[in-house]
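Analysis of the macromolecular model
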Protein chains: 2
Amino acid sequence: MTLQELIDHPCAWFVDHACGEVAISSRIRLARNVAGYPFPSRAEPVQLREIRHNVLRTLSQLDLFDQGWVSETDEVSARDRMLLFERSLMSREHMENEESGAIGVSRDEQDVVMVNEEDHLRLQVVRPGLSLESAWEEMQTLDASMEEHVDYAFSSKYGYLTCCPSNTGTGLRAGVMLHLPGLALLDEVRPVMRGLAKMGLAVRGPGGEGSDADGFLYQVSNQVTLGRSEQDIIGELHQVVDELVTHEYNARLRLEEVRPNGLRDKVGRAAGILQNAWELSSKEALDLLAMVRLGLAMDLLAVEEEHVVERLMIEVRPAHLQKLAGKELNPGERDRFRALRVRSKLAELRKGPKL
Amino acid sequence: MTLQELIDHPCAWFVDHACGEVAISSRIRLARNVAGYPFPSRAEPVQLREIRHNVLRTLSQLDLFDQGWVSETDEVSARDRMLLFERSLMSREHMENEESGAIGVSRDEQDVVMVNEEDHLRLQVVRPGLSLESAWEEMQTLDASMEEHVDYAFSSKYGYLTCCPSNTGTGLRAGVMLHLPGLALLDEVRPVMRGLAKMGLAVRGPGGEGSDADGFLYQVSNQVTLGRSEQDIIGELHQVVDELVTHEYNARLRLEEVRPNGLRDKVGRAAGILQNAWELSSKEALDLLAMVRLGLAMDLLAVEEEHVVERLMIEVRPAHLQKLAGKELNPGERDRFRALRVRSKLAELRKGPKL
């Protein structure tokens, strides 16, 4: 599988499946390091290259990646790395640091191995919808197959050793990406975030730490990895997300009940602007698409092509857009090309039964 | 003619004629006072009523008003006075002060006599497009027919005497309402205004002094009435407006040339929002309708019903809207009813040849 094939395939975990309306995807990530080597931040270049070499050999022995796409990071252009980041296949750190890194992605984009990121190994499994358990099962398989070939750094006292102490222990981070336009419209995301923080959970934009919640997409994940079992971490997160989903649906019902015109106004304007604008920034496009997605979920809008909005929510990002255009675009050109793309894709968007 | 008939007739000077695209209407106003009486601000109520009685008798003798609508101001409800103000048939002062006033409007809304406004008499003639000369001709006829019955206060030294010295002399104010979205989009209205101020001309929003230029509608009028002939005042204003019209057309060409996408973006979004919003404030509706009017003029948009946008630019104002609804509406209800009205009226708005 070439990078181009990977790129042409539109983001399986977001687009191809019957995503839950609120819980978009579940992600499990493990931090692992190779025994006998310093962590990447302290390792010599020659050591990093040795690790990379060994992991790449391992990946080539695993069907999952052999049929997918594997590459050294420095062979991927900066724009393609950004595209992988936009698609959640690469972390921001991995995108920005091209030295001695490598990446392996399975054909369906659901399994990812990053080499020499903050840790020697970052394993990631993403599944559509709220499916932490099945992602965790898949991850156990992936982790076990890696461990057959790689000697993990492990302490019987602390568990898996990681560069940053916050990952030590299970090395597990479990997260769910949620679409919360209802709570956002009611200005209730902030209190919810505060409540989750008290429970040791983090709420962030989809790009990871410090990223904004463009498109009302939020990622809820555990903060603590030490002293708790993987099952406990995942079980608790699942329960919290279940509650958040109910909370979001209730928010939508309240919007419909208390501010029906305000809701229709927001959704209608978003559709009207997306269908008629000639210049759209990435943030505006995502925010408006999120409103349209809400409108579709609430039968205020209807559209022929399934998942056209989810696909656009990926495609309007800068690197994806330039890939579609087949050339580099400056920000102004991007805004125009983005508007053109959205206009043509949403031409069939029409009023739904409740509008 | 009843007030209802007058109201139902949709604002002849704005809507019914083939208005010039930029110069919407021309207005001539004369300030006159009745000899032997103090100005309204200093007159006793009994004197004001005497003047009103005499002027009403005069109006009843003139075919122009006998076939139109004549009323004492205090017999018109506050909302209807506001409606007359929104339609430029009443000044703000006349709308707010209901004591001892009266108003006469010709059937076609082009001739108006206000009684006991700032002066005993304010005569107004409005014509569609840039037609100051024909409006002035009509005004001379109106002025002469009034003078046959009313003894005007006149000084051979100062000319017609008026309450405010700025009106003394000819008592003439000539104004043209202009639609300048091109200059506004290029941020060039302010410098133009400064230039006009130096020439002794005022630029204001359509509601008169202190009003905002909602909908990019500006009224250019003379400031000085003393020491110059009526022909001079009108001739100079005509020339300046001619230049402004050219200036506006040039601005539109420049927009098309320099920022074609920006222009299409503004026009497209305006159309998209107006066709899909469920809540619209008066100012937003006027501003967006102005963009649509620009789009129609530049073949970016097309619509079946002629003048539907001009009609909406009157109908979306608060008093007009409540008249259409047939009942009093609070601001939130108005915003929703306004959006409903605009949505239904602009359902047929579509992309034009150049979009």
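Residues numbered from 1 in each chain as written. Chains lettered and ligands numbered in written order. Predicted model: local features only at pLDDT ≥ 70, side-chain atom pairs only at ≥ 80, totals over all residues. Heavy atoms only, no water.

1. Re the overall build of chain A
Under the convention used in this document: Each helix is a run of DSSP H or I of at least 4 residues and each strand a run of E of at least 2, with the numbering of both proceeding from the N terminus. Throughout, radius of gyration means the C-alpha value; the globule benchmark is 2.2 Å times the number of residues raised to the power 0.38. For each residue, the accessible area found with a 1.4 Å probe, counting protein chains only, is set against the maximum for its type, and the residue is called buried under 20%, exposed over 50%, and partly exposed in between.
A tally of helices and strands in chain A yields 15 helices and twelve strands. Against the compact-globule benchmark of 20 Å for 355 residues, chain A has a radius of gyration of 21 Å, which places it among compact chains. Each principal axis of the C-alpha atoms in chain A carries an extent, and together these give about 65 × 45 × 30 Å. The proportion of buried residues among the 355 residues of chain A is 57%.

2. Here we look at the sheet that holds strand E10 (residues 217–222) of chain B
Residues and elements named next belong to chain B. For the record, the criterion: Between any two strands, at least two bridges found by DSSP are needed for them to pair. Geometry is summarised by axes, namely lines fitted to C-alpha atoms with helices restricted to the contacting stretch, and by angles between N-to-C directions that run from 0 to 180 degrees. What makes two residues a contact is simply this: any of their non-hydrogen atoms within 4.5 Å.
Strands sit in the order E2-E3-E4-E5-E1-E8-E10-E9 across an open sheet of eight strands; the sheet is antiparallel. Two strands close off the open sheet at either side, each with one partner strand: strand E2 (69–72) and strand E9 (201–204). Put simply, the sheet's adjacent strands are angled 15° from each other on average, direction ignored. By the bridge criterion, seven bridges tie strand E1 (residues 23–32) to strand E8 (residues 172–179) in an arrangement that is antiparallel. Paired with Arg29 across the two strands is Arg173, which belongs to E8. Here helix H9 (residues 189–198) sits on the sheet in contact with E9 and E10, set at roughly 150° to E9.

3. Things to note about the packing of aromatic side chains
As a reminder of what qualifies: Two rings belonging to Phe, Tyr or Trp (six-membered ring only in the last case) form a pair when the distance between their centres is within 6.5 Å. Interplanar angles under 30 degrees mark stacking, angles over 60 mark edge-to-face geometry, and anything in between is tilted. Lysine NZ or arginine CZ positioned within 6 Å of the ring centre and within 35 degrees of the ring normal marks a charge as sitting over the ring.
All chains considered together, the criterion is met by four aromatic pairs over all chains. With a centroid separation of 4.8 Å and an interplanar angle of 70°, the aromatic rings of Phe154 of chain A and Tyr160 of chain A are classed as edge-to-face. Owing to a relative accessible area of 14%, Tyr160 of chain A belongs among the buried residues under this scheme. Put simply, the rings of Tyr152, Phe154 and Tyr160 of chain A pair up and form one aromatic cluster. Directly above the aromatic system of Tyr160 of chain B lies the positively charged group of Arg32 of chain B, at a separation of 3.5 Å from the ring centroid. Note that Arg264 of chain B overlies the ring of Trp278 of chain A, its terminal NZ or CZ placed 5.8 Å from the centroid.

4. Thoughts on the relation of the copies chain A and chain B
So the rule is basically this: Each copy is superposed on the other by least squares, with the fit set by C-alpha atoms of residues at a pLDDT of at least 70 in both.
Rotating chain A by 180° and translating it 0.1 Å along the rotation axis places it on chain B, where the RMSD comes to 0.0 Å. Such values leave the two copies arranged in the relation of a two-fold axis. Taking C-alpha positions as the reference, the residue of chain A nearest the rotation axis is Gly272 of chain A, at 2.0 Å. Both copies share a contact surface, since 100% of the interface residues of chain A are interface residues in chain B too.

5. Side note on the interface of chain A and chain B
Rules: Summed over both partners, the accessible area (1.4 Å probe) lost when two parts come together is defined as the buried area. One speaks of a salt bridge when a side-chain nitrogen belonging to Lys or Arg is within 4 Å of a carboxyl oxygen belonging to Asp or Glu.
Opposite the 18 residues of chain A that make contact, chain B presents 18 residues. Buried surface at the junction of chain A and chain B, summed over both partners, amounts to about 1700 Å²; 54% is from carbon and sulfur atoms. Considering only the side of chain A, the residues that lose the most area to chain B are Arg269, Asn276 and Trp278 of chain A, jointly responsible for 38% of the buried surface there. For the pair chain A and chain B, the number of links is two salt bridges.

6. Regarding the nonpolar core
Side chains that are nonpolar tend, in soluble globular proteins, to be buried together. Our working definition: For the purposes of this section, nonpolar cores are sets of buried Ala, Val, Leu, Ile, Met, Phe, Trp, Tyr and Cys residues that join through side-chain atoms within 4.5 Å.
Counting residues in each nonpolar core, the largest one holds 166 residues, and the members touching the most others are Val113, Met146 and Leu178 of chain A together with Val113, Met146 and Leu178 of chain B. Once you skip the residues sitting within four places of it in the chain, Met146 of chain B turns out to touch Val55, Thr58, Leu59, Leu62, Val113, Leu121, Leu123 and Tyr152 of chain B.

7. Regarding the packing of helix H13 (residues 308–315) of chain B against helix H15 (residues 331–345) of chain B
Residues and elements named next belong to chain B. Operational definition: Note that the term roughly parallel is reserved for angles under 35 degrees, roughly antiparallel for angles over 145, roughly perpendicular for angles of 65 to 115, and oblique for everything else. All amino acids are sorted into three groups, where Ala, Val, Leu, Ile, Met, Phe, Trp, Tyr, Cys and Pro are nonpolar, Asp, Glu, Lys and Arg are charged, and the leftover types, Gly among them, are polar.
Following both chains from N to C, one finds H13 and H15 inclined at 175°, their axes separated by 11 Å at the closest point. On the basis of their axis angle, the class for H13 and H15 is roughly antiparallel. Contacts from Val308, Leu312 and Glu315 in H13 reach Arg341, Val342 and Lys345 in H15. Each residue belonging to the contact of H13 with H15 can be placed in one class, and the counts come to three nonpolar, no polar and three charged.

8. A closer look at the pairing of strand E4 (residues 111–115) of chain B
All names here are of chain B. A large share of E4 lies buried, amounting to five of its five residues. Along E4, one buried face is formed by Asp111, Val113 and Val115 and the opposite face, lined by Val112 and Met114, is buried too. As paired elements, strand E3 (residues 102–105) and E4 share four bridges and run antiparallel to each other. Residue pairing across strands places Val105 opposite Val112, the latter belonging to E4. Taking the residues between adjacent antiparallel strands as the criterion, E3 and E4 are bridged by five residues, where Glu109 takes a positive phi near 65°.

9. A short note on the domain arrangement of chain A
Residue and element names in this part refer to chain A. What counts here: Domain boundaries shown here were taken from an automatic or database domain assignment. We define a polar contact as two N or O atoms separated by no more than 3.5 Å, with the added condition that, inside protein, one atom must be a possible hydrogen donor and the other a possible acceptor, whereas residues neighbouring each other in sequence contribute only through side-chain atom pairs.
What the domain assignment lists for chain A is domain 1 (3–251) and domain 2 (260–351). Contacts between the two partners involve 26 residues from domain 1, matched on the other side by 23 residues from domain 2. With both sides pooled, the region where domain 1 packs onto domain 2 buries about 2300 Å², and carbon together with sulfur makes up 64% of that total. Connecting domain 1 to domain 2 are three salt bridges. In this structure, the salt-bridge partner of Lys323 is Asp80, at a minimum N-O distance of 3.1 Å. Taken together, the links from domain 1 to domain 2 amount to eight residue pairs in polar contact (both at pLDDT 80 or more).

10. Quick notes on helix H3 (residues 45–61) of chain B
All names here are of chain B. This is how it is decided: Helix span, as expected, comes to 1.5 Å for every residue beyond the first. Along the arc lie the directions from the helix axis toward the C-beta atoms.
For H3, built from 17 residues, the straight-helix expectation of 24 Å at 1.5 Å per residue is met to within 8% by its first-to-last C-alpha distance of 25 Å. Of all the residues in H3, the buried ones are Leu48, Ile51, Arg52, Val55, Leu56, Thr58 and Leu59. One face of H3 carries all of its buried residues, which in axial projection span an arc of 160°. Here the buried face of H3 lies against helix H4 (63–66), E2, E3, E4, strand E5 (121–128) and helix H7 (132–147).

11. Digging into the environment of Tyr160 of chain B
Note on placement: Tyr160 of chain B falls in strand E7 (residues 159–160). Look past the residues within four positions of Tyr160 of chain B in its chain and what remains in contact with it is Ala31, Arg32, Glu147, Tyr152, Ala153, Phe154, Thr168, Gly169 and Thr170 of chain B.

12. Topic: the pattern of salt bridges
Residues and elements named next belong to chain A. As enumerated under the stated definition, the model contains 50 salt bridges over all chains in all. In this structure, Glu315 engages Arg341 in a salt bridge whose closest nitrogen and oxygen atoms are separated by 2.9 Å. Placement of Glu315 in helix H13 (residues 308–315) and of Arg341 in helix H15 (residues 331–345) is noted, with a sequence separation of 26 residues between them. Glu315 gets classed as buried once you look at its relative accessible area, which sits at 12%. Under the relative-accessibility criterion, Arg341 is labelled partly exposed at 21%. In this structure, a network of salt bridges that share partners links the residues Glu117, Glu118, Asp119 and Arg122.

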